[in-house]
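Structure at a glance
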Amino acid sequence: MQRKIIKITAFLCLGLFAYFVVRADPKELLRILGRLSPMALLWLLLLRVLFWVIRTLSWRIVLTRCHADRPSFFALFCAELAGHAVGHFTPSAKLGGDAIRAIMLDTVPKNKALASVVLDKSIELMATVLMMGIGLFIALLRIRMAPAQRVVFLSLTTVTAVLIFFFFRQQKKGLFIWILDTLKKLRIRFKYMEGKRGRLIETDAIISDFYSRHRRSFLYVFMLYIAMILLWALEMHLTFLLIGLRGITPLKSFLVTTLGILANIVPVIPAGIGIYEMTFMTVFAILRIPQKAGIAVILVRRLLNLFLAVAGLMPMMRVKARPPAREPVSEVPFAPPPETV
């Protein structure tokens, strides 16, 4: 069943990919790409691959704290790209991509795989919100904005930070059981999830244990995600320079990256269609970046995303049927481990 789900998802993604390519007007894409030399595109692609290498390394650190066996880096890298493919092409967006990451780890018990994905995504979001806040602070100090624009950016950043903080605290207490209990209070029941309650209790325990006993690893992964965002800003800056916008400064590229993060947080539309363009074009207007240069950058970045998303479909198509790794379910009720320094 697991293998069928992955392959059906991959075929759906291929169909959606063909649809997006036709809708994007291939002639216009080729005209924009004609401004870049093959070597320039190669450098941008290598930076994007390095971006995914950092993400994989971060996830691997988390997973090794949740699971005794050291997972293959290549297997995790393929799972990351598969998750990116699903998140890029399907309406499930990033949520579905993270689920696929856990499913692809067929040699790791599902509670540990799920716990590692939740922890990895949570740390990434914490680092992202911090960098977004820094970018917003700099923008408010140095750039003139309309009052409405200030309110929108401040409100979205604040709401995002509050939600991330809430889920971080809830993870330490037991996120999945809290979700089940909340749904039960609302008289909403999912028999499948209720049947997996024992596994979910174990997953909550693994997550809580990580925060309590692996603080150094948490900090290391957090700093890796900070470095990843800075690498993202470097890629943005090089893209501007390679398409001929020589007046762009590193600070502007950093602000475009951090303020544009909002476009990547909304997990409801395939590839962020519309939201991505609207967010970045607003940021370009605030920073007084020419519209044509902005559109060119968006197209180049979309093509890089598409290339790696298509690459991510390959490991999904080659998944082999294996019996899922299992561990005995503990009958001990969940209780977070004591804090240790």
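Now for a quick tour of the structure. Predicted, not measured: the structure shown is a model, and the values here were computed from it.

The rules behind these values
Residues numbered from 1 in each chain as written. Predicted model: local features only at pLDDT ≥ 70, side-chain atom pairs only at ≥ 80, totals over all residues. Heavy atoms only, no water. Helix = DSSP H or I, 4+ residues; strand = E, 2+ residues; numbered from the N terminus. Buried < 20%, exposed > 50% of the residue type's maximum accessible area, 1.4 Å probe, protein only. Contact = heavy atoms within 4.5 Å. Phe/Tyr/Trp six-rings, centres within 6.5 Å; stacked < 30°, edge-to-face > 60°. Salt bridge = Lys/Arg side-chain N within 4 Å of Asp/Glu carboxyl O.

Structurally, Met-131 can be placed in helix H6 (residues 110-142). Residue classification places Met-131 among the buried residues on the basis of a relative accessible area of 6%. Along the chain, Met-131 and Thr-258 lie 127 residues apart, while their C-alpha atoms are 6.2 Å from each other. Leave out the neighbours within four places in its chain, and Met-131 touches Ile-226, Ile-229, Leu-230, Phe-254 and Thr-258.

Moving on to the side chain of Glu-235. With respect to the secondary-structure elements, Glu-235 resides in helix H11 (residues 215-242). The class of Glu-235 is buried, set by a relative accessible area of 1%. Excluding residues that lie within four positions of it along the chain, Glu-235 makes contacts with Leu-44, Leu-47, Arg-48, Arg-301 and Leu-304.

This part is about the packing of aromatic side chains. Taken as a whole and judged by the stated rule, the model has 11 aromatic pairs. Measuring from centroid to centroid gives 6.5 Å for Phe-168 and Phe-218, while their planes differ by 35°, and the two rings are tilted. Separated by 50 residues along the polypeptide, Phe-168 in helix H7 (residues 147-173) and Phe-218 in helix H11 bring together distant segments of the chain. Between Tyr-211 and Phe-218, the ring centres sit 6.1 Å apart and the planes meet at 65°, which makes this aromatic pair edge-to-face.

Opposite charge on two side chains makes pairing possible when the charged atoms of those side chains draw close. Taken as a whole and judged by the stated rule, the model has 9 salt bridges. The partner of Arg-101 in a salt bridge is Asp-98, with the nearest N and O atoms 3.1 Å apart. On the criterion of helical spacing, the pair formed by Arg-101 and Asp-98 is a turn pair, its members being 3 residues apart in helix H5 (residues 93-104). In terms of burial, Arg-101 and Asp-98 fall into one category: buried. Arg-301 is paired through a salt bridge with Glu-235; the nearest N and O atoms lie 3.1 Å apart. Taken as a pair, Arg-301 in helix H15 (residues 291-317) and Glu-235 in helix H11 lie far apart in primary sequence, 66 residues in all. As far as burial versus exposure is concerned, Arg-301 and Glu-235 are alike and both buried. Through salt bridges with shared partners, a single ionic network connects Glu-80, Asp-98, Arg-101 and Asp-120.

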